[in-house]
Amino acid sequence: MTTDFLLDRARNLWVELAVKSVQFSSLDGVNVAVSPESQLCPPLWTGIVVLGDAGIVTVPSGHIAEQMAGPARKLSRAELVDADRLREVLPVLDVLGPASLFYLDRADFQPVHAGAAVEEVPRDDDGLAALLARAGEEDAGESGLEDITSPAYVLRDGDDLVAAAGYRAWPQSVAHLSVLVAPDCRGRGLARTVASAAVARALDAGLLPQWRARPHPSKRVALGACLSNRQPACGS
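About the criteria used
Residues numbered from 1 in each chain as written. Predicted model: local features only at pLDDT ≥ 70, side-chain atom pairs only at ≥ 80, totals over all residues. Heavy atoms only, no water. 1 Å grid on protein atoms, 1.4 Å probe; cavity = no way out; pocket = protein on both sides within 12 Å on 5 of 7 lines; lining within 4 Å. Points joined across faces, edges and corners; volume = space filled by probe spheres on them. Nonpolar A, V, L, I, M, F, W, Y, C, P; charged D, E, K, R; others polar. Helix = DSSP H or I, 4+ residues; strand = E, 2+ residues; numbered from the N terminus. Expected span 1.5 Å × (residues − 1). Phe/Tyr/Trp six-rings, centres within 6.5 Å; stacked < 30°, edge-to-face > 60°. Buried < 20%, exposed > 50% of the residue type's maximum accessible area, 1.4 Å probe, protein only. Pairing = 2+ DSSP bridges. Core = buried A, V, L, I, M, F, W, Y, C linked by side-chain atoms within 4.5 Å. Contact = heavy atoms within 4.5 Å. Arc of directions from axis to C-beta. Polar contact = N/O pair within 3.5 Å; in protein donor to acceptor, adjacent residues only side chain to side chain.

K.L.:
How should I be thinking about empty space enclosed by the protein in this particular structure?
P.N.:
Leftover empty space is mapped by rolling, across the atoms, a probe with the size of a water molecule. Applying the stated rule across the entire model yields 2 cavities of 30 Å³ or more. One number sums up the size of the second largest cavity: a volume of about 30 Å³. Around the second largest cavity, the lining residues are S35, P36, S38, C41, P42, P43, L44, W45 and P60. Of the residues that constitute the lining of the second largest cavity, the class distribution is 7 nonpolar, 2 polar and no charged.

K.L.:
It is not clear to me how helix α7 (residues 190-204) should be interpreted in this structure. Could you clarify?
P.N.:
One turn of the α-helix equals 3.6 residues, which is why residues spaced by three or four share an orientation. A rise of 1.5 Å per residue sets the reference length of α7, with its 15 residues, at 21 Å; its end C-alpha atoms lie 22 Å apart and thus fit the reference within 8%. Positioned one or two residues after α7, G206 has a phi angle of 80 degrees, which is positive.

K.L.:
Whenever I open this one, the packing of aromatic side chains confuses me. Can you help?
P.N.:
Each aromatic ring pair is described using two quantities: the centre-to-centre distance and the angle formed by the ring planes. For the coordinates displayed, the defined rule picks out 1 aromatic pair. Here the aromatic rings of W14 and W170 are separated by 5.9 Å at their centres, their planes lie at 75 degrees, and the arrangement is edge-to-face. Pair noted here: W14 is in helix α1 (residues 3-18) and W170 is in strand β7 (residues 160-170), with a separation of 156 residues, a long-range link.

K.L.:
Help me out: how do you make sense of the pairing of strand β4 (residues 100-103) in this one?
P.N.:
Each regular strand carries side chains that alternate between the two faces of the sheet. Alternating residues of β4 divide into S100 and F102 and L101 and Y103, and every residue in both groups is buried. With 4 bridges connecting them, β4 and strand β9 (residues 208-213) associate as antiparallel partners. Within β9, the position partnered with F102 by the bridge is W211.

K.L.:
I'm lost on the nonpolar core in this one. Help?
P.N.:
Most often, soluble globular proteins keep nonpolar side chains buried together rather than apart. The biggest cluster of nonpolar side chains holds 39 residues, and the ones touching the most others in it are L128, L145, V154, L190 and W211. For this core, the secondary structure elements donating two or more residues are α5 (126-135), β6 (152-157), β7, β8 (174-181), α7 and β9. No other element matches α7, which puts 8 residues into this core. Setting aside chain neighbours within four positions, we find L145 in contact with L128, L132, A140, A164, A165, G166, S178 and L180. Listed in part, the 20 residues of the second largest apolar core include W14, V49, L51 and I56.

K.L.:
Honestly, the environment of G166 in this entry has me stumped. Any pointers?
P.N.:
In this structure, G166 sits in strand β7. Placed 16 residues apart in sequence, G166 and S150 show a C-alpha to C-alpha distance of 5.8 Å.

K.L.:
I would appreciate a short explanation of α5 in the present structure.
P.N.:
Considered for burial, the residues of α5 that qualify are G127, L128, L131, L132 and A135. Seen along its axis, α5 keeps its buried residues to an arc of 140 degrees; they face one direction. Pointing more than 90 degrees away from the buried face of α5 are the exposed residues D126 and A133. Buried-residue contacts for α5 involve α6 (137-143), β6, β7 and β8. G136 sits one or two positions beyond α5 and adopts a positive phi of about 95 degrees.

K.L.:
So what exactly am I meant to see when it comes to the side chain of T58 here?
P.N.:
Tracing the backbone through its elements, the reader meets T58 in strand β3 (residues 54-59). On the accessibility criterion, T58 (0% relative accessible area) is buried. Only 2.8 Å separates the side chain of T58 from the side chain of S38, close enough to count as a polar contact. Once you skip the residues sitting within four places of it in the chain, T58 turns out to touch A18, A33, S35, S38, L40, C41, W45, T46 and G47.

Encoded structure:
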């Protein structure tokens, strides 16, 4: 599968999530759509997604669209996802992100083979609830593990789950990946191991794995477990 095909699949997802008609274009700036129902961002926010050399923007009103028109036309793609740069040219009240998006196909997937045995458990397994509580509200929420629709792929220390990964089915046959490791068990490569198992399941199901990662350390997990050879697509 070529990089262009991966980008097309990823862009099709975000075009659908934009709700209103908008297309990725690498010409004449980034396209802006007025879409109060956009799923690129929370309600009444402005959402920006850049994939490769093109991006899209959704805004909640025509007034915001007028404010966004100049920056969308004049700023580079990198500047559009730079919060400090946006604050220089727009009346920004708050920011969520940025984050990076990673995608891959089977040809680029290099599974992690570790000594520990990864188990598959139902997503409502009691051990997952215990792991989420152990990780704390902030880390558990950031992981997205509570929202997975796939089985969970887990590692144990005795009877306790110490690492888990899975994915939520998104539109356009995308598998949005989640991973969580118990706080006192991090730095041992457990996230890579369980994430690799979840990616393998997604690929077997014909889905496009997607990883949304903030800067380190979660970005290292994405690259180490799933993208090792190359980075087919990245956005913020």
